[in-house]
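Spelled out from the first residue to the last, the chains are:
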Amino acid sequence: MSDPTLLTAGRVTYHVEKGIATIQFHHPKSNSLPGALLRELAQTVDRAGADPEARVVVLRSEGAGAFCAGASFDELKAIADPDTGKRFFLGFATLILAMRRCPKFVLARIHGKAVGGGVGVAAAADYALAAGSAAVKLSELAVGIGPFVVGPVIEKKIGAAAFTTLAVDATTWRNAAWGQRHGLFAEVHDTPEALDQAVDALAARLAASSPEAMARMKAMFWEGTDHWESLLDQRAAISGSLVLSDAAQRAIRG
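Since the model is a prediction, treat every value here as computed from it, not as a measurement.

(A) Spotlight on the pattern of salt bridges. Applying the stated criterion across every chain yields a total of ten salt bridges. With its nearest N and O atoms 2.6 Å apart, the salt bridge here joins Asp196 to Arg109. In this pair, Asp196 is assigned in helix α8 (residues 192-207) and Arg109 in strand β4 (residues 106-110), connecting sequence segments 87 residues apart. Looking at Asp196, the relative accessible area reads 24%, which means it is partly exposed. By relative accessible area, Arg109 is classed as buried at 5%. For the salt bridge of Arg174 with Asp169, the shortest nitrogen-to-oxygen distance reads 2.9 Å. Taking relative accessible area as the criterion, Arg174 reaches 16% and is therefore assigned buried. Residue classification places Asp169 among the partly exposed residues on the basis of a relative accessible area of 27%. Three or more residues are tied together by salt bridges with common partners; here these are Arg60, Arg109 and Asp196.

This is the structure in structure tokens:
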């Protein structure tokens, strides 16, 4: 039985200090992201991109558990038709596109496990720093669908072979060392304290760097992705249809 109160739970906070915009999200269910929270998060990334006081963006989640448990399972269970399904799967597309178009570098602080859409968020960052306790898994196939929406950004970051490994083996966790080896994480630090020190130091250096140079570099990093808005729309429609299949419904409802 899904809990409708969880669909409106959670929060996003925004704070700018010394040129560093910190965006932090929280949801009581392992920092999962229902549609409403995804929209707020994407809007906040857009806000940071337009904020003249912000020169670099740090994206993080609250707590010491999971970084992001992906899409809300409670919302997934409530899908009853393809249009609703498509809207559901467009949630992470909205956030990924906001991170891509933000003219400032987005640093992601990955302190724990990331599942499904959470892996997409890590991949959409320009630079992801992780704790040694971080781990990733693309669990979509295990629930009868697939990582269609997050696939393009993950494949761009780690390459086709590593993405295929994650997508096909949907039940195995890959540790932080695996993530760093394949380019998902730029840095891995032994403890959360060391991770915070590294995030703070890098953000401070970037806040003192040339905004124009960073914006031009970011545009270069994301060359070849101008078609993603239409691509992710098509991918969301695929997932929105698959989620209604007998196999997916059996997996979702246990």
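(B) How the structure looks around a nonpolar patch on the surface. On the surface, Met217, Met220 and Phe221 cluster together into a nonpolar patch covering about 270 Å² of accessible area. Tracing the backbone through its elements, the reader meets Met217 in helix α9 (residues 211-221). For Met217, a relative accessible area of 36% corresponds to the partly exposed category.

(C) Inspection of the sheet that holds strand β5 (residues 113-115) at higher detail. Across the sheet, which stays open at both edges, the three strands sit in the order β5-β7-β8 with mixed pairing between neighbours. Only two strands of the sheet have a single neighbouring strand rather than two, namely β5 and β8 (174-175). Bridge count for strand β7 (residues 135-137) against β8 is two bridges, and the pairing is antiparallel. Residue pairing for β8: Ala135 is matched across the bridge by Asn175. Each of β5 and β7 is contacted by helix α4 (residues 117-124), which is oriented at about 105° to β5, the strand it contacts most.

Parameters at a glance
- Residues numbered from 1 in each chain as written.
- Predicted model: local features only at pLDDT ≥ 70, side-chain atom pairs only at ≥ 80, totals over all residues.
- Heavy atoms only, no water.
- Salt bridge = Lys/Arg side-chain N within 4 Å of Asp/Glu carboxyl O.
- Helix = DSSP H or I, 4+ residues; strand = E, 2+ residues; numbered from the N terminus.
- Buried < 20%, exposed > 50% of the residue type's maximum accessible area, 1.4 Å probe, protein only.
- Patch = residues over 30% accessible without salt bridge, like charges linked within 9 Å, V, L, I, M, F, W, Y side chains within 5 Å.
- Areas by Shrake-Rupley, 256 points an atom, 1.4 Å probe, with all protein chains shown as cover.
- Pairing = 2+ DSSP bridges.
- Contact = heavy atoms within 4.5 Å.
- Axes fitted to C-alpha atoms, helices over the stretch in contact; angles between N-to-C directions.

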